[in-house]
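# Structural features, examined
For reference, the chains in residue letters:
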Amino acid sequence: MSRSAESGLFLSPVTADDLDLAVQLAVATLREAPPGAWDGKAGSLEWDCWETIEHLSDDLFAYAAQLGPKTPPLDSEVPFVWESRRPGGPANVIHADRKAGPAGLLQVLEASGALLVAMVRTTPPQTRAHHVFGTSDPEGFAAMGIVETLVHTHDLAQGLGLAWSPPADLCARVLARLFPDAPESTDPWPTLLWTTGRAELPGRPRLTTWRWDGTPRA
């Protein structure tokens, strides 16, 4: 169980169902985007909205792949070739067929999310695999996938002119799992945006560098 050291509040573990919910909420929100808006920038990112969906899909795929080998590597990523399609664009394995349009792009996101959901459901909890922010377990990779989904959907919502506010309890669980030192007196969603360098909190300026701690909790 994840626990807040200051408040003593116990939070349930992050699960595959949590990840599935995050992806489904994101896809439902992004389906409301105007068809011609995908070439605009995604919030404060240097990528356009189409590239940001590809990047998010690639994150979810990569986390699933990292858990895939019978003996996952602990010191490196599974050696796929990540390539950018333009200078400054995201380096991905996953690219969506532009001819399929936004509907196809969101199918790529949903499918990549489903791969990670399936791996988290079926991988033994004692499994460990490499991540640059700390060797992690299936719960950790689920939490990472949720953070990627929530904050990149925030970026996309800014670029696409959409409203986006994920469930507070979901944000609280991933904060407890990946950001144990995050402030606890503030609402979970603004706090998650602060921990990932996307917003200020009262008395706390916007972060210019950040990272989570994916190592398993005792």
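The rules behind the values
- Position numbers for residues start from 1 in each chain and track the written sequence from start to end.
- The predicted origin of the model limits local features to residues at a pLDDT of at least 70 and limits the giving and counting of side-chain atom pairs to 80 or more, whereas totals for whole chains, interfaces and linings rest on all residues.
- Heavy atoms from the whole structure form the basis of all side-chain values; hydrogens and water molecules are not counted.
- For the purposes of this entry, the term helix denotes a DSSP run of H or I that reaches at least four residues, the term strand denotes a run of E that reaches at least two, and both are numbered from the N terminus.
- Two things to know: the radius of gyration comes from C-alpha atoms, and the globule rule equals 2.2 Å times the number of residues to the power 0.38.
- Buried, partly exposed and exposed residues are distinguished by accessible area as a fraction of the type maximum, computed with a 1.4 Å probe on protein chains only: under 20%, between the cut-offs, and over 50%, respectively.
- In this tally, Lys and Arg are treated as positive and Asp and Glu as negative; His is ignored, and so are the chain termini.
- Charge coordinates come from a single atom per side chain, which is NZ of Lys, CZ of Arg, CG of Asp or CD of Glu.
- Salt-bridge detection follows one rule: a side-chain nitrogen of Lys or Arg within 4 Å of a carboxyl oxygen of Asp or Glu.
- Nonpolar core, defined: a set of buried Ala, Val, Leu, Ile, Met, Phe, Trp, Tyr and Cys residues in which side-chain atoms within 4.5 Å join the residues together.
- Note on contacts: a residue pair qualifies if any of its non-hydrogen atoms lie within 4.5 Å across the two residues.
- Here pLDDT means the predictor's own confidence in every residue, given as a number from 0 to 100.

## Quick notes on the overall build of the protein
Each helix and strand in the protein was counted, giving six helices and two strands. Mapped in sequence order, the helices and strands of the protein form the string β-β-α-α-α-α-α-α. Against the 2.2 N^0.38 benchmark of 17 Å for 218 residues, the protein shows a C-alpha radius of gyration of 17 Å, consistent with a compact globule. The principal-axis extents of the C-alpha atoms in the protein amount to approximately 50 × 45 × 30 Å. Per-residue burial over the protein gives 52% buried out of 218 residues. Put simply, the protein has 17 plus and 27 minus side-chain charges, and the middle of one group is 2 Å from the middle of the other.

## Looking at the pattern of salt bridges
Close approach of charged atoms allows side chains of opposite charge to pair. Applying the stated rule across the entire model yields 11 salt bridges. Notably, a salt bridge pairs Arg173 with Asp18, separated by 2.8 Å at the nearest N-O pair. Placement of Arg173 in helix H5 (residues 168-178) and of Asp18 in helix H1 (residues 16-30) is noted, with a sequence separation of 155 residues between them. Overall, the relative accessible area of 9% leaves Asp18 in the buried class. One salt bridge connects Arg217 with Asp213, and the closest N-O pair in it is separated by 3.8 Å.

## Focus on the nonpolar core
Counting residues in each nonpolar core, the largest one holds 55 residues, and the members touching the most others are Leu30, Trp38, Leu150, Leu160 and Leu192. For this core, the secondary structure elements donating two or more residues are H1, helix H2 (49-66), helix H3 (101-122), helix H4 (138-160), H5 and helix H6 (188-195). When residues of this core are assigned to their parent elements, the largest contribution, 11 residues, is made by H4. Not counting residues within four places of it along the chain, the set of residues in contact with Leu150 comprises Ala22, Trp164, Pro166, Leu170, Cys171, Trp189 and Leu192.

## Some points on the confidence of the model for the protein
Averaged over every residue, the pLDDT of the protein is 94; residues scoring 70 or more account for 95%. The low-confidence segment residues 1-9 (pLDDT under 50) makes 18 contacts with residues lying over four places distant or belonging to another chain.

## Looking at H6
Among the eight residues in H6, six count as buried, and that is most of the element. Taken together, the buried positions of H6 are Trp189, Thr191, Leu192, Leu193, Trp194 and Thr195. Against H4 and H5 lie the buried residues of H6.

## Points about the environment of Met119
The residue Met119 is located in helix H3 in this model. Through-space distance from the C-alpha of Met119 to that of Ala64 is 5.8 Å; in sequence the pair is 55 residues apart. Apart from the residues lying within four places of it in its own chain, the contact partners of Met119 are Ala64, Leu67 and Gly68.

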